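The chain contents come next:
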Amino acid sequence: MGKITLVAFGLFFSFVFALNAKAMDYGIIYQDAAISNAVISPVKGDPDGKAILRFNLKNTAVDQLIIMGVTGSLHDGSKIMARMAPQKFVELDSLSLLSEEALNMKEAHIYIELENMKLPTGKSNLVDLSLILTTGEMPFKARLVNITN
């Protein structure tokens, strides 16, 4: 084969692989989900400002939804926690929901622990948060409620 043929094949395959890579890049798109009843309860007497976040979520996307945590300006970090026994909790690396699957965190004994939670200033009891997904972030609001035991 001549040099021109090799260059043509190289350009052709580069173009084909470049299109495939672009078509498969989902980094800026977040999955569709419906979040409702999102509440934050500060833990009573916790010196580190720990708070508990629970919500209901329905995956309305065609694909699986994978939750990695929660981010926001009023806390430093988050952990997904699940109750295994009355006094035994474990931290989960992620939480997955299949397409059209719904999750009620309270009934499932799952919550997200917000670390070093600062209370919002002003009269509003709404907190802006974002769900961290493997495909991006999804903003939502949670209501601050009474302190938990």
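Cut-offs applied
- Residues numbered from 1 in each chain as written.
- Predicted model: local features only at pLDDT ≥ 70, side-chain atom pairs only at ≥ 80, totals over all residues.
- Heavy atoms only, no water.
- Helix = DSSP H or I, 4+ residues; strand = E, 2+ residues; numbered from the N terminus.
- Buried < 20%, exposed > 50% of the residue type's maximum accessible area, 1.4 Å probe, protein only.
- Contact = heavy atoms within 4.5 Å.
- Areas by Shrake-Rupley, 256 points an atom, 1.4 Å probe, with all protein chains shown as cover.
- Salt bridge = Lys/Arg side-chain N within 4 Å of Asp/Glu carboxyl O.
- Pairing = 2+ DSSP bridges.

(A) Up close: the overall build of the protein chain. The secondary structure content of the protein chain amounts to 1 helix and 10 strands. Helices (α) and strands (β) of the protein chain occur, in sequence order from the N terminus, as α-β-β-β-β-β-β-β-β-β-β. In the protein chain, which comprises 149 residues, the proportion classed as buried is 29%. Within the protein chain, residue pairs in contact and separated by at least 24 positions form 70% of the contacts whose partners lie at least 6 positions apart. A total of about 9,900 Å² of accessible surface is found on the protein chain, and carbon and sulfur atoms cover 58% of it.

(B) Layout of the side chain of S130. Its location among the elements puts S130 in strand β9 (residues 126–133). When its relative accessible area of 15% is taken as the criterion, S130 is described as buried.

(C) View of the pattern of salt bridges. Taken as a whole and judged by the stated rule, the model has 4 salt bridges. Across the pair E115 and K79 runs a salt bridge whose closest N-O atoms are separated by 3.6 Å. Residue E115 is located in strand β8 (residues 110–115), and its partner K79 is located in strand β4 (residues 77–85); the two are separated by 36 residues in the primary sequence. Residue class for E115 comes out partly exposed when judged on its relative accessible area of 27%.

(D) Representation of the pairing of β4 within the structure. With 6 bridges joining them, β4 and β8 adopt antiparallel strand pairing. In the sheet register, S78 faces β8, and the bridge partner there is L114. Where β4 hands over to strand β5 (residues 88–92), the hairpin turn is made up of 2 residues, counted between the paired strands.

(E) Molecular detail of the environment of L95. One can find L95 in strand β6 (residues 95–97). Between the C-alpha atoms of L95 and I67, which are 28 residues apart in sequence, the distance is 5.0 Å. Those residues in contact with L95 that sit more than four places away from it in its chain are L65, I66, I67, I80, L103 and I110.

(F) Seen up close, the pairing of strand β3 (residues 65–72). In the sheet, β3 pairs with β6 via 3 bridges, with the strands oriented antiparallel. Paired with I66 across the two strands is S96, which belongs to β6. Pairing of β3 with β9, which is carried by 5 bridges, proceeds in the antiparallel orientation. Note that in β9 the partner of G72 across the bridge is L129.

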